[in-house]
Amino acid sequence: MTTPPPPVTEPDPSAMTCPGDQVGPCATCQRKTHKYGRGGCPLCQWCMAPAMEKWGPGVRYISTRS
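My aim in this report is to walk through the structure given alongside it, one point at a time. This structure is a prediction, so every number in the text was calculated from the model and none was measured.

Regarding the overall build of the protein
Phase 1 of the analysis: On a plain count of helices and strands, the protein comes out with one helix and two strands.
Phase 2 of the analysis: Walking the protein from its N terminus toward its C terminus, one meets helices and strands in the order β-β-α.
Phase 3 of the analysis: Each of the 66 residues in the protein was classed as buried or not, and the buried ones make up 27%.
Phase 4 of the analysis: Carbon and sulfur atoms form 59% of the exposed surface of the protein, whose accessible area is close to 5,100 Å².

Following this line, the structure appears as structure tokens:
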């Protein structure tokens, strides 16, 4: 049995371990997460889990910024 995610008003734990300028909204649920900079991810851990189940643990995103 898995624990349901906390309300989106609560930040992803990664947001509390990175500099404030690297915090941004999850691309799916808008929860505050470590989104920018080294180690950042556009998805919070709760939104990333289903993506990893679907695509495997090697799932990555590619930045389209130039």
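Now that the structure is up, let's keep going.
Observations regarding the environment of Cys 29
Phase 1 of the analysis: Tracing the backbone shows Cys 29 in the loop between strand 1 (23-25) and strand 2 (32-34).
Phase 2 of the analysis: Its relative accessible area of 21% is what places Cys 29 among the partly exposed residues.
Phase 3 of the analysis: The residues touching Cys 29, leaving out its near neighbours within four places in the chain, are Val 8, Cys 44 and Cys 47.

Points about the environment of Pro 11
Phase 1 of the analysis: When you line up the elements, Pro 11 lands in the segment before strand 1.
Phase 2 of the analysis: Considering only alpha carbons, one finds Pro 11 and Pro 25, 14 residues apart in sequence, at a separation of 9.2 Å.
Phase 3 of the analysis: Setting aside chain neighbours within four positions, we find Pro 11 in contact with Met 16, Arg 31 and Lys 32.

The rules we used
Residues numbered from 1 in each chain as written. Predicted model: local features only at pLDDT ≥ 70, side-chain atom pairs only at ≥ 80, totals over all residues. Heavy atoms only, no water. Helix = DSSP H or I, 4+ residues; strand = E, 2+ residues; numbered from the N terminus. Buried < 20%, exposed > 50% of the residue type's maximum accessible area, 1.4 Å probe, protein only. Areas by Shrake-Rupley, 256 points an atom, 1.4 Å probe, with all protein chains shown as cover. Contact = heavy atoms within 4.5 Å.

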